[in-house]
Amino acid sequence: MEPPPYTGIVLRGAEDEAQEAFRKAMQYYSKGDYAHAIPGLRAAVKASPRTTRSNFYLGACYLLTGQTDSAVVSFHKTVSIGDPTYSESAHFYLAKAYLRKKEVSAAENELQKTVQLHGNMETEAGEILQQLRK
């Protein structure tokens, strides 16, 4: 599985605890060290539970390290926050987590939601849906 892309952002001013934890964790993520990114992302989520990017990348790290149940929880949290910046990606990677758990109907549901958002992942989600329906 390809990890979700991440491009660092430069914030002006002082970082709060959540921002600092996220920034440090994403240094590991950017190097492909997903296991070492998890503690910092957990700290970021604990300090700011409704920050979408922290929940999303925590879910990605869980998925990339085989912690599928934890990934599902984080991606559900990401979706529930309702930030359109991460909605499509969260549904898509939630579908991938469900596929790992062999929960095909739940994966199809998330892939359909991905397609309905008509974003960058629409084509790939549609292709996976077609493969599942064969």
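Up top is the structure these notes are about.
This text gives an overview of the structure that appears in the document. (Residues numbered from 1 in each chain as written. Predicted model: local features only at pLDDT ≥ 70, side-chain atom pairs only at ≥ 80, totals over all residues. Heavy atoms only, no water.)

1. A few points about the nonpolar core
To keep it simple, the criterion reads: To form a nonpolar core, buried Ala, Val, Leu, Ile, Met, Phe, Trp, Tyr and Cys residues must be joined to one another through side-chain atoms within 4.5 Å. We call a residue buried when its accessible area falls under 20% of the maximum for its residue type, exposed when it is over 50%, and partly exposed in between, using a 1.4 Å probe and counting protein chains only. Strands here are runs of E lasting at least two residues and helices are runs of H or I lasting at least four, both read from the DSSP assignment and numbered beginning at the N terminus. Contacts: residue pairs with any heavy atoms within 4.5 Å of one another.
The biggest cluster of nonpolar side chains holds 36 residues, and the ones touching the most others in it are Tyr-29, Leu-41, Tyr-57 and Phe-75. At the level of elements, helix 1 (17–30), helix 2 (34–47), helix 3 (52–64), helix 4 (68–81), helix 5 (84–100), helix 6 (104–116) and helix 7 (122–132) are the ones that each hand at least two residues to this core. In terms of residue count, helix 5 provides more of this core than any other element does, eight residues in total. Excluding residues that lie within four positions of it along the chain, Tyr-29 makes contacts with Pro-3, Pro-4, Tyr-6, Tyr-34, Ala-37, Tyr-57, Ala-60, Cys-61 and Leu-64.

2. Examining unusual backbone geometry
Phi at Lys-102 is positive, roughly 65°, even though this residue is not glycine. If you trace the backbone, Lys-102 turns up in the loop between helix 5 and helix 6. You will see that His-118, though not glycine, has its phi angle at about 50°, which is positive. Take His-118: it is sitting in the loop between helix 6 and helix 7.

3. Here's the deal with the environment of Ser-70
Inspection of the secondary structure assignment puts Ser-70 in helix 4. Among the residues examined, Ser-70 registers a relative accessible area of 30% and is labelled partly exposed. Separated by 52 residues in the primary sequence, Ser-70 and Ala-18 have C-alpha atoms spaced 20 Å apart.

4. Quick word on the packing of aromatic side chains
Where we set the bar: When the centres of two rings from Phe, Tyr and Trp lie within 6.5 Å, Trp using its six-membered ring, the rings pair. Their planes under 30 degrees apart give stacked, over 60 give edge-to-face, and anything left gives tilted. A positively charged side chain is recorded as over a ring if its NZ (Lys) or CZ (Arg) lies within 6 Å of the ring centre. The angle to the ring normal must also be within 35 degrees.
In the structure shown here, the tally under the stated rule is twelve aromatic pairs. Ring geometry for Phe-56 and Phe-75: centres 5.6 Å apart, planes at 55°, overall tilted. Placement of Phe-56 in helix 3 and of Phe-75 in helix 4 is noted, with a sequence separation of 19 residues between them. Across the pair, Phe-75 and Phe-56 agree in class, each one buried. Three or more aromatic residues joined by ring pairs form one cluster here, namely Tyr-6, Phe-22, Tyr-29, Tyr-34, Phe-56, Tyr-57, Phe-75, Tyr-86, Phe-92 and Tyr-93. One residue, Arg-53, lies across the ring of Phe-22, its end atom 4.0 Å from the ring centre.

5. Some remarks on helix 6
We count it as follows: Expected helix span is computed as 1.5 Å times (number of residues minus one).
Taking 1.5 Å per residue, 13 residues should reach 18 Å; helix 6 reaches 18 Å between its end C-alpha atoms and fits that length. By the burial criterion, the buried members of helix 6 are Ala-106, Ala-107, Glu-108, Glu-110, Leu-111 and Thr-114. Elements in contact with the buried residues of helix 6: helix 5 and helix 7. Once helix 6 finishes, His-118 follows within two positions and takes phi at roughly 50°, a positive value.

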